[in-house]
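So the chains spell out like this:
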Amino acid sequence: MDLVLGAVSNCWGALLPGSSLEAQCRAAEERGFGYVELRQRALGACEEKVGDDPRPWPLPERLAELRAAFPNLGMNLALEAPFLADRLDPDAPYFARCADAALALSPERPILRFVDLTPVKAVLEHDEAIDEIAGSVADLTVLLGRRGVAVALENSLQPMASLRAVIEAASHRLPDSVPRPLICWDPVNQLQVCIRPEDPMATAAEIPLDELFMFHFKQCRERKPIGDMGEGDVDWPALLAVMARRGYSGPALFELPGGPDAWERLDSGTAAVNAWLARTA
C-alpha cells in the first residue's frame, strides 16, 4: 500500500512561536514525509489577522516562498468555513484571498480543504435543508473552479452521510468543466465529535476512492482524543488493511494534538503506521 505519508501543520502549532513554518516543513521532509497540509491557525508568518474575522487569512506571497523552498513536498491549504451550517457568500473577500493563496502554494494542483466547526444541534438530513446547503457549496465550488482551484470538504461534527449527500446534490448543479468537491476523511471525527457517531470501518469499505482526497491519522479512546497512535476506538491496522485491499494510494496525514513533544509522537506514529502497512504488503 503506497500511501503518501505526511502531517497537518497544527501538529506542530505549539512549536511555531519558537520556530517557523519553514523549519517544520524541513523537519517533515527530512523524515521522509511527502505531504504537508497547511492548517489555518498553524501557518506562522504565512497568515495574518484581517479586520474582525476571528480566522487568520493566508498570505499568498509568503506561501509562494514556502512552496519554492520545498518543491518536492505536496501541499494544500486547510481553512475554516461554515459550509454545512449556513449559506456562504462565494464573492466574499475571504474566499478570494483563499483562492490566491491556494494558487500561490500549489500552482500545479491548487486545492482548498474546508472544515466546518460550527456547533450543531441536529443532523443535517432533510432534503430541503441539504438542497439549500448544496446550492451554496456548488456556488463556491464554481467560483473557485473557474480560477482552477479544486475543493475538498472534511467530515467533522456532521455525519459523513450528510456531507456526502450535500456533495452529491451540489455536484448536480456544477457545469462539466468544474470537478465535484472531494472528501477529506477523518475517521476519528466520526467517533469523537460527530453528532451521530458512525463506524469508520464501514466508511473504509464503502467510500468511493474517486471521491477521496486524503484521510487523517489520529486516535481517540472512549471518544476522547489521545496524543499518539496507540490502541483506541479506531482499529487502524484493520482500517489500513481494508484501504490497502481497495487500492488507495493518496495522502494520509497525521493530525495528532500539538505540544512540545510533537515530533517524538509523530516519529512514533510513523513507525507504527509503517509497521501496519508492512503487514498489508
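Since we're looking at a predicted model, the values are computed, not measured.

Novice: I'd like a rundown of the overall build of the chain, residues and numbers included.
Specialist: Check the secondary structure of the chain and you find 9 helices and 12 strands. Computed over the C-alpha atoms, the radius of gyration of the chain is 18 Å, within 12% of the 19 Å expected from 2.2 N^0.38 for a compact globule of 281 residues. If you line up the chain on its principal axes, its C-alpha atoms span 45 × 40 × 35 Å. Taken across its 281 residues, the chain has 54% of its residues classed as buried.

Novice: Quick rundown of the environment of Thr141? Include the residues and the values.
Specialist: Locating Thr141 in the fold gives a position in helix H4 (residues 127-145). Along the sequence, Thr141 and Arg180 sit 39 residues apart, while their C-alpha atoms lie 7.6 Å from each other. Other than its neighbours up to four places away in sequence, Thr141 contacts Val151, Leu174, Val178, Pro179 and Pro181.

Novice: Give me the lowdown on helix H2 (residues 60-69), citing residues and values where you can.
Specialist: Along H2, the positions that sit buried rather than exposed are Pro60, Leu63, Leu66 and Arg67. Down the axis of H2, the smallest arc covering the buried residues is 115 degrees, so these residues share one side. Of the exposed residues in H2, the ones pointing more than 90 degrees away from its buried face are Glu61, Glu65 and Ala68. On its buried face, H2 sits against helix H1 (21-30), strand E2 (35-39), strand E4 (57-58), strand E5 (74-80) and helix H3 (93-105).

Novice: Tell me about the pattern of salt bridges, and please be specific about residues and values.
Specialist: If you walk through the whole model with that rule in mind, you get 18 salt bridges. Between Asp100 and Arg147 there is a salt bridge, with the nearest N and O atoms lying 2.6 Å from each other. On the criterion of sequence distance, the pair formed by Asp100 in helix H3 and Arg147 in the loop between H4 and strand E7 (150-154) is long-range, its members being 47 residues apart. For the salt bridge of Asp186 with Lys218, the shortest nitrogen-to-oxygen distance reads 2.9 Å. Separated by 32 residues along the polypeptide, Asp186 in the loop between strand E8 (182-185) and helix H6 (187-192) and Lys218 in the loop between strand E9 (212-217) and strand E10 (219-221) bring together distant segments of the chain. This pair shows no difference in class: Asp186 is buried, exactly as Lys218 is. Through salt bridges that share partners, Arg164, Glu168, Arg180 and Glu211 make up one connected network.

Novice: How would you sum up the nonpolar core? Please name residues and give values.
Specialist: With 95 residues, the main nonpolar core has Trp12, Leu38, Phe114, Phe215 and Phe217 as its most contacted residues. If we skip the residues at most four places from it in the chain, Leu38 touches Ser9, Leu21, Cys25, Leu43, Leu63, Leu66, Met75, Asn76, Leu77, Ala78 and Leu105.

Novice: Explain the packing of H2 against H3 residue by residue, including any values.
Specialist: Taken N-terminus to C-terminus, the directions of H2 and H3 make an angle of 20 degrees; their axes are 8 Å apart at the nearest point. Of the possible angle classes, the one that applies to H2 and H3 is roughly parallel. For the crossing formed where H2 meets H3, the hand is right-handed. Between H2 and H3, the contacting residues are Pro60, Leu63, Ala64 and Arg67 on the first element and Arg97, Asp100, Ala101, Ala104 and Leu105 on the second. Split into classes, the residues belonging to the contact of H2 with H3 amount to 6 nonpolar, no polar and 3 charged.

Novice: Could you give an account of the environment of Pro93, naming the residues involved and the relevant values?
Specialist: Within the secondary structure, Pro93 is located in helix H3. It is 33 Å that separates the C-alpha atoms of Pro93 and Gly259, two residues lying 166 residues apart in sequence.

Novice: Account for the sheet that holds E5, naming residues and giving values.
Specialist: On the basis of which strands lie adjacent, the closed barrel formed by 8 strands has the order E1-E2-E5-E6-E7-E8-E9-E12 and parallel pairing. Strand-to-strand twist in this sheet, taken as the mean axis angle between neighbours without regard to direction, amounts to 25 degrees. Pairing between E5 and strand E6 (residues 111-115): 4 bridges, direction parallel. Considered in E6, the bridge of Ala78 is made with Arg113. On the sheet, helix H5 (residues 160-171) packs against E7 and E8 and is oriented at approximately 165 degrees with respect to E8.

Novice: Tell me about the packing of aromatic side chains, and name the residues and values.
Specialist: Tallying each qualifying case throughout the model produces 12 aromatic pairs. Note on Phe33 and Trp263: the rings are 6.2 Å apart at their centroids and 40 degrees apart in plane angle, and the pair reads as tilted. One end of the pair, Phe33, is in the loop between H1 and E2; the other, Trp263, is in helix H9 (residues 262-280), and 230 residues separate them in sequence. The pair formed by Phe33 and Trp263 is uniform in burial state, with each residue classed as buried. For the pair Phe95 and Phe114, a centre-to-centre distance of 5.9 Å together with 75 degrees between the ring planes defines the contact as edge-to-face. With a gap of 19 residues between them, Phe95 in helix H3 and Phe114 in strand E6 connect regions that are remote in the sequence. Under the relative-accessibility criterion, Phe95 is labelled buried at 4%. Taking relative accessible area as the criterion, Phe114 reaches 0% and is therefore assigned buried. The structure contains a cluster of three or more aromatic residues connected by ring pairs, namely Trp12, Phe33, Trp185, Phe215, Phe217, Trp236, Tyr248, Phe254 and Trp263. Here the guanidinium or amino end of Arg55 rests over the ring plane of Tyr94, the centre of that ring lying 3.6 Å away.

So, how was this worked out
Residues numbered from 1 in each chain as written. Predicted model: local features only at pLDDT ≥ 70, side-chain atom pairs only at ≥ 80, totals over all residues. Heavy atoms only, no water. Helix = DSSP H or I, 4+ residues; strand = E, 2+ residues; numbered from the N terminus. Rg over C-alpha atoms; globule rule 2.2 N^0.38 Å. Buried < 20%, exposed > 50% of the residue type's maximum accessible area, 1.4 Å probe, protein only. Contact = heavy atoms within 4.5 Å. Arc of directions from axis to C-beta. Salt bridge = Lys/Arg side-chain N within 4 Å of Asp/Glu carboxyl O. Core = buried A, V, L, I, M, F, W, Y, C linked by side-chain atoms within 4.5 Å. Axes fitted to C-alpha atoms, helices over the stretch in contact; angles between N-to-C directions. Parallel < 35°, antiparallel > 145°, perpendicular 65-115°, else oblique. Left-handed = near helix turned anticlockwise from the far one by under 90°. Nonpolar A, V, L, I, M, F, W, Y, C, P; charged D, E, K, R; others polar. Pairing = 2+ DSSP bridges. Phe/Tyr/Trp six-rings, centres within 6.5 Å; stacked < 30°, edge-to-face > 60°. Lys NZ or Arg CZ within 6 Å of the ring centre and 35° of its normal.

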